[in-house]
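What follows is the residue order along each chain.
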Number of protein chains: 6
Amino acid sequence: MAAMKTVDRFFEDYAVGESRTTQGRTVTEADVVLHAGQTGDFFPHHLDAAWCATQPFGRRMAHGTLIISMAVGMTAGDINPQAMSYGYDKIRFVKPVFIGDTITVTAEVTDKADHRKDPARLGYLHELVSVINQDGETVTVLTHLYLVNKRGEPS
Amino acid sequence: MAAMKTVDRFFEDYAVGESRTTQGRTVTEADVVLHAGQTGDFFPHHLDAAWCATQPFGRRMAHGTLIISMAVGMTAGDINPQAMSYGYDKIRFVKPVFIGDTITVTAEVTDKADHRKDPARLGYLHELVSVINQDGETVTVLTHLYLVNKRGEPS
Amino acid sequence: MAAMKTVDRFFEDYAVGESRTTQGRTVTEADVVLHAGQTGDFFPHHLDAAWCATQPFGRRMAHGTLIISMAVGMTAGDINPQAMSYGYDKIRFVKPVFIGDTITVTAEVTDKADHRKDPARLGYLHELVSVINQDGETVTVLTHLYLVNKRGEPS
Amino acid sequence: MAAMKTVDRFFEDYAVGESRTTQGRTVTEADVVLHAGQTGDFFPHHLDAAWCATQPFGRRMAHGTLIISMAVGMTAGDINPQAMSYGYDKIRFVKPVFIGDTITVTAEVTDKADHRKDPARLGYLHELVSVINQDGETVTVLTHLYLVNKRGEPS
Amino acid sequence: MAAMKTVDRFFEDYAVGESRTTQGRTVTEADVVLHAGQTGDFFPHHLDAAWCATQPFGRRMAHGTLIISMAVGMTAGDINPQAMSYGYDKIRFVKPVFIGDTITVTAEVTDKADHRKDPARLGYLHELVSVINQDGETVTVLTHLYLVNKRGEPS
Amino acid sequence: MAAMKTVDRFFEDYAVGESRTTQGRTVTEADVVLHAGQTGDFFPHHLDAAWCATQPFGRRMAHGTLIISMAVGMTAGDINPQAMSYGYDKIRFVKPVFIGDTITVTAEVTDKADHRKDPARLGYLHELVSVINQDGETVTVLTHLYLVNKRGEPS
């Protein structure tokens, strides 16, 4: 009984080390089929259960871009008009995610820096996004990059 | 930069008259096509643009169940383990919603009452959910019914 | 080897007590994933198999609005230009519907009444829609409300 | 206010020349995107609006298999346990179907014949399925082949 | 690390008897649910697991049009501007495809013929498309018909 | 008339500077709606046409993760068992992609390096993936990282 909100949060309002963790979400066969359909990637690693059963990994894996998309979506919540997502760094697929796995996502502020050209008004914020499976293993990581307005006034 | 949270909110924490309003969402042709696919309702009112153009309403309308589903989804947010949704009353389709319309949803606590059998521990909460289009017209209303745990302690 | 038809049926043509029952339909994981995607409701009760396994209900449940949407869609068939659906009353989620359950739907005419302002030309028709699972349990009910033209001629 | 029904119809109950026509359905961009996703066919004829605008046909076309699938689905209705669809003949893409076109489908019984091996109990039934666009042009045709039980009793 | 390419291939470049085989693809419950949604065919043979369990075939079957759509999509690859698909012949559903089956597709050039009216510039090409399940059984066949430009020059 | 193939390509077979360009694909409203549904990100920047019309950018934008997913999918083609994708670097959203834009993708080998621990058998390969809109503007870039087996034999 609440809803997506718009909340102003400025550069000064973030602290390195703060973190948050999402609810879990099971990566279903339907998610993988829909993602194949959205991307056109029908590789047998994702869609051919018979062939996967003959491979060392044994089961169908989710697309890397599906896990990234889910993880970024799961960490989105309140709308912050003061922050703009401008990219990601160091996306790494540490372990495969299989159909039926359940993932949760942790996002931690790992870095804050002044903007190179406009340090009075803007700052860079880095969030380390870690995707964890039901066994507690980190399966995917990425650094989410934001450009955030400074309040600039004593608050 | 926030995410779906679990927040305990007890019966005593709600006040009649409090309300919240969601972000807007455009009801797209894709939403209507997907809803036809989910429900099996392929009535020409929703899916036949040529026929609709010959009718007084002139354009394809969204399914009533699509608007209900969207509205309930848009007002969901934080997870409250103390509240359970058990039904809806007085769903009324006041005006049609056409493909391309943008809706926002307001939810207002309109009623609180003790549970008939267990008034010490449970209460009924009614939320009036109103769907408003881009012209400010109310298009759909419903009353969302919750059973909510009482804190039972002086807070 | 037949198709959606348009059939005129007037207020006088309905009798209280008449009923019809649909084919069955299995509520699949894909349906729940698509409904989450259509509504934005990604609550763990529907999408987190690992967490559900730790709860008393044990398994992922379908969204209430999915069951309503399916049930209304399953009872739609012939197009009746003389009847207009204007809302629902007393939607109640009697028991949860789990992924893998198969539902059938019964719709029974439970009430007929003259229109308050134009009794010569219009009438209200109420259909009790009951969703039954594979174990014969009623899981969801609602009353579907129609405004129906009267034939107005001796038939 | 009716639903998918099961109706027994035997070979003797069909007459060459009988036909039925469906409601219309608009072939939307969403349908084409979903069909690309279901088939893996992302050819620019279907998905690249900019390139299509430079071609003689000027607009994005629906996949042939989408039109076949829609047409067969639109002519399905009552379930007839006495008939089994076993294939199609002479599928021809007579004219392209563009995104935004509205199609209706006519199905006409064009041929009846005894089964080669079991003429006392089975017969072949051919239905000519014609897809017509909003300008009255036939865009796709196919012959739907059924094997139908004979009643075997004087009817 | 390659992508959909445009490759000119003329009538003279095809040889009767040449064939190619696709990767495998598992026909999932999600595919069947999406195809029901795309076509409006919600027959219990495809969507009612409880009823199917009482039938001789025991499990939910894929729609015939889903297998055709998948098979044609799986055999699409390079874009050949010199060839135009104009239809299919002799589509036959030899055996059912069940949810969970994995199919591969073989396409073999079975016939080449000069165009009736313009033999100097055009030719007909027939490809026999065979869908094979994980047990090596042929489940669906069709003949894919192409009209192909002749190079017309000694190559 | 070709299909997804498996082609062995070793580290030695790639040359810095080689590149390939995909067909185009229009980013449709349906793609954005489906991506919102897959990720749970229903931000008004993507889904609220009325609000977007009041903003400087004026129109609904695609999700960044949708463009990444599409771009990676569009550059996938032949299966190379000798190469494994292990991540991405420097994903940057240079310009927004709006609903209706058509993108093409270029992938260029920009770097090759020996594996740190096993230089005799493995190498790193970097591909710069650039997403270009219909006006020739670069809208998104990323570096796709592969670990590739060396042939190890004089070729």
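An unreviewed UniProt entry lists chain A under the name Acyl dehydratase, with Microlunatus parietis given as the organism. Quoted verbatim from the Sequence similarities (unreviewed entry) heading of the UniProt record, the comment on chain A is "Belongs to the enoyl-CoA hydratase/isomerase family."

## Some remarks on the packing of aromatic side chains
Within this structure, the stated rule accounts for 18 aromatic pairs over all chains. Between Trp51 of chain D and Phe57 of chain D, the aromatic rings sit 6.1 Å apart at their centres with planes inclined by 65°, giving edge-to-face as the arrangement. Stacked on the ring of Phe98 of chain B, the Lys or Arg Arg59 of chain B has its end atom at 3.8 Å from the ring centre.

## Some details on the relation of the copies chain F and chain A
Aligned on chain A, chain F shows an RMSD of 0.0 Å; the corresponding rotation is 180° and the shift along the axis is 0.0 Å. What the superposition gives is, in effect, a two-fold axis relating one chain to the other. Measuring from the rotation axis to each C-alpha of chain F, the shortest distance belongs to Asp89 of chain F, at 2.6 Å. When you check the interface residues of chain F against chain A, 100% turn up at the interface there too, and the contact is symmetric in its surfaces.

## Topic: the UniProt feature "domain: MaoC-like" (unreviewed entry) in chain A
The UniProt record marks residues 16–118 of chain A with the feature "domain: MaoC-like" (unreviewed entry), using the residue numbering of this structure. What you have in residues 16–118 of chain A is 30% helix and 28% strand, and the ends, taken at the C-alpha atoms, are 21 Å apart.

## Brief notes about the nonpolar core
Formed by 153 residues in total, the largest nonpolar core has its most connected members in Val27 of chain A, Val27 of chain B, Val27 of chain C, Val27 of chain D, Val27 of chain E together with Val27 of chain F. Ignoring anything within four residues of it in the chain, the contact list for Val27 of chain D reads Val32, Ala62, Leu66, Ile67, Met70, Val97, Phe98, Ile99, Gly100, Asp101 and Ile103 of chain D.

## Some words on the relation of the copies chain C and chain A
Here chain C sits on chain A after a turn of 120° about the axis and a move of 0.0 Å along it, with an RMSD of 0.0 Å. With respect to symmetry, the two chain copies, as superposed, fit the operation of a three-fold axis. Minimal C-alpha separation from the rotation axis in chain C is found for Ala30 of chain C, amounting to 3.0 Å.

## So, the interface of chain C and chain A
Each partner contributes to the interface: chain C provides eleven residues, whereas chain A provides ten residues. Along the contact surface separating chain C from chain A lie zero salt bridges. The interface formed by chain C and chain A holds three residue pairs in polar contact (both at pLDDT 80 or more) in total. When residues of the side of chain C that touches chain A are traced back to their parent elements, those giving at least two are helix H1 (29–39), helix H2 (44–47) and helix H3 (49–52) of chain C. Top element by residues in the side of chain C that touches chain A is H1 of chain C. It accounts for four residues. Taken together, the residues of the side of chain C that touches chain A break down into eight nonpolar, no polar and three charged.

## What about the interface of chain F and chain A?
Contacts between the two partners involve 34 residues from chain F, matched on the other side by 35 residues from chain A. If you sort the residues of chain F by the area they bury against chain A, Gln38, Phe43 and Tyr88 of chain F come out on top, with a joint share of 24%. The interface formed by chain F and chain A contains two salt bridges. Ionic pairing is found between Arg92 of chain F and Asp89 of chain A, a salt bridge with its closest N-O pair at 3.0 Å. Summed over the shared surface of chain F and chain A, the result is 17 residue pairs in polar contact (both at pLDDT 80 or more). Within the residue set of the side of chain F that touches chain A, elements represented by two or more residues are helix H1 (29–39), helix H2 (44–47), helix H4 (64–75) and strand S3 (83–93) of chain F. Counting residues per element, the side of chain F that touches chain A draws most heavily on S3 of chain F, which supplies nine residues.

## Remarks on the packing of helix H4 (residues 64–75) of chain A against H4 of chain F
For any two helices packed against each other, one specifies the inter-axial angle together with the distance between the axes. Between H4 of chain A and H4 of chain F, the least distance of the axes is 10 Å, while the angle of their chain directions is 180°. Judged by the angle between their axes, H4 of chain A and H4 of chain F are roughly antiparallel. Across the interface between the two elements, Thr65, Ile68, Ser69 and Val72 of chain A from H4 of chain A touch Thr65, Ile68, Ser69 and Val72 of chain F from H4 of chain F. In the contact of H4 of chain A with H4 of chain F, the residues fall into four nonpolar, four polar and no charged.

Conventions used here
- Residues numbered from 1 in each chain as written.
- Chains lettered and ligands numbered in written order.
- Predicted model: local features only at pLDDT ≥ 70, side-chain atom pairs only at ≥ 80, totals over all residues.
- Heavy atoms only, no water.
- UniProt positions renumbered as here; feature names shortened; annotations may be inferred.
- Phe/Tyr/Trp six-rings, centres within 6.5 Å; stacked < 30°, edge-to-face > 60°.
- Lys NZ or Arg CZ within 6 Å of the ring centre and 35° of its normal.
- Least-squares fit on C-alpha atoms with pLDDT ≥ 70 in both.
- Contact = heavy atoms within 4.5 Å.
- Helix = DSSP H or I, 4+ residues; strand = E, 2+ residues; numbered from the N terminus.
- Core = buried A, V, L, I, M, F, W, Y, C linked by side-chain atoms within 4.5 Å.
- Buried < 20%, exposed > 50% of the residue type's maximum accessible area, 1.4 Å probe, protein only.
- Salt bridge = Lys/Arg side-chain N within 4 Å of Asp/Glu carboxyl O.
- Polar contact = N/O pair within 3.5 Å; in protein donor to acceptor, adjacent residues only side chain to side chain.
- Nonpolar A, V, L, I, M, F, W, Y, C, P; charged D, E, K, R; others polar.
- Buried area = accessible area lost by both parts, 1.4 Å probe.
- Axes fitted to C-alpha atoms, helices over the stretch in contact; angles between N-to-C directions.
- Parallel < 35°, antiparallel > 145°, perpendicular 65-115°, else oblique.

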